[in-house]
Amino acid sequence: MSVLDNWSDWKNFLGDRLNQAEHSGMEHETVNDLAYQIGDYLANQVEAKNDQEKVLADLWSVASPEEQHAIANMMVKLVNNNGSR
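Residues numbered from 1 in each chain as written. Predicted model: local features only at pLDDT ≥ 70, side-chain atom pairs only at ≥ 80, totals over all residues. Heavy atoms only, no water.

An unreviewed UniProt entry lists the protein under the name DUF3243 family protein, with Rossellomorea vietnamensis given as the organism.

Written out as structure tokens, the structure reads:
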């Protein structure tokens, strides 16, 4: 089973990665840029595994680059308090 199969597992996985990045000193802007790159890769290369991912993929497909950055930034905020820490 992949972390992409379950929305809660996916958010926890992202939260763990975000916590690791922050504790290693990665700047907020760099985190947001990476979130955008990951979002773009997932939207274009990976099939959505659940309803939430399908909604995100649909939003990403119609969004301008600026809106895609906003979606990525919101995902960072969403997972900021998730993860095992």
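(A) Molecular detail of the side chain of Gln68. Its place among the elements puts Gln68 in helix α4 (residues 65-79). Its relative accessible area of 10% is what places Gln68 among the buried residues. A distance of 3.0 Å separates a polar atom in the side chain of Gln68 from the backbone oxygen of Trp60. In contact with Gln68, other than residues within four places in its own chain, are Tyr36, Asp40, Trp60 and Ala63. (Helix = DSSP H or I, 4+ residues; strand = E, 2+ residues; numbered from the N terminus. Buried < 20%, exposed > 50% of the residue type's maximum accessible area, 1.4 Å probe, protein only. Polar contact = N/O pair within 3.5 Å; in protein donor to acceptor, adjacent residues only side chain to side chain. Contact = heavy atoms within 4.5 Å.)

(B) Quick peek at the packing of aromatic side chains. Taken as a whole, this structure holds two aromatic pairs when the rule is applied. Taking 5.7 Å as the distance between ring centres and 15 degrees as the angle between the ring planes, the aromatic pair formed by Trp10 and Phe13 counts as stacked. Of this pair, Trp10 and Phe13 both sit in helix α1 (residues 7-23), separated by three residues, roughly a single helical turn. Trp10 sits in the buried class, given a relative accessible area of 8%. Note on Tyr36 and Trp60: the rings are 5.6 Å apart at their centroids and 35 degrees apart in plane angle, and the pair reads as tilted. With a gap of 24 residues between them, Tyr36 in helix α2 (residues 28-45) and Trp60 in helix α3 (residues 51-62) connect regions that are remote in the sequence. For Tyr36, a relative accessible area of 19% gives the class buried. By relative accessible area, Trp60 is classed as buried at 6%. (Phe/Tyr/Trp six-rings, centres within 6.5 Å; stacked < 30°, edge-to-face > 60°.)

(C) Region of interest: the layout of surface pockets. One number sums up the size of the largest pocket: a volume of about 620 Å³. Forming the boundary of the largest pocket are 27 residues, of which Trp10, Leu14, Ala35, Ile38 and Leu42 lie nearest the centre. Grouping the amino acids of the lining of the largest pocket by side-chain chemistry returns 23 nonpolar, one polar and three charged. (1 Å grid on protein atoms, 1.4 Å probe; cavity = no way out; pocket = protein on both sides within 12 Å on 5 of 7 lines; lining within 4 Å. Points joined across faces, edges and corners; volume = space filled by probe spheres on them. Nonpolar A, V, L, I, M, F, W, Y, C, P; charged D, E, K, R; others polar.)

(D) Highlighting a nonpolar patch on the surface. A cluster of nonpolar side chains, namely Met26, Leu34 and Ile38, defines an oily patch on the protein surface of about 230 Å² accessible area. Considering the arrangement of structural elements, one finds Leu34 in helix α2. Residue Leu34 is classed as partly exposed on the basis of its relative accessible area of 34%. (Patch = residues over 30% accessible without salt bridge, like charges linked within 9 Å, V, L, I, M, F, W, Y side chains within 5 Å. Areas by Shrake-Rupley, 256 points an atom, 1.4 Å probe, with all protein chains shown as cover. Salt bridge = Lys/Arg side-chain N within 4 Å of Asp/Glu carboxyl O.)

(E) Representation of α1. In a regular helix each residue adds 1.5 Å, so 17 residues correspond to 24 Å; α1 covers 24 Å between its end C-alpha atoms and thus fits that length. Residues Trp7, Trp10, Lys11, Leu14, Gly15, Asp16, Leu18, Asn19 and Ala21 constitute the buried set of α1. Close packing links the buried residues of α1 with α2, α3 and α4. Among the residues trailing α1, Gly25 stands out with phi positive, at a value near 95 degrees. (Expected span 1.5 Å × (residues − 1).)

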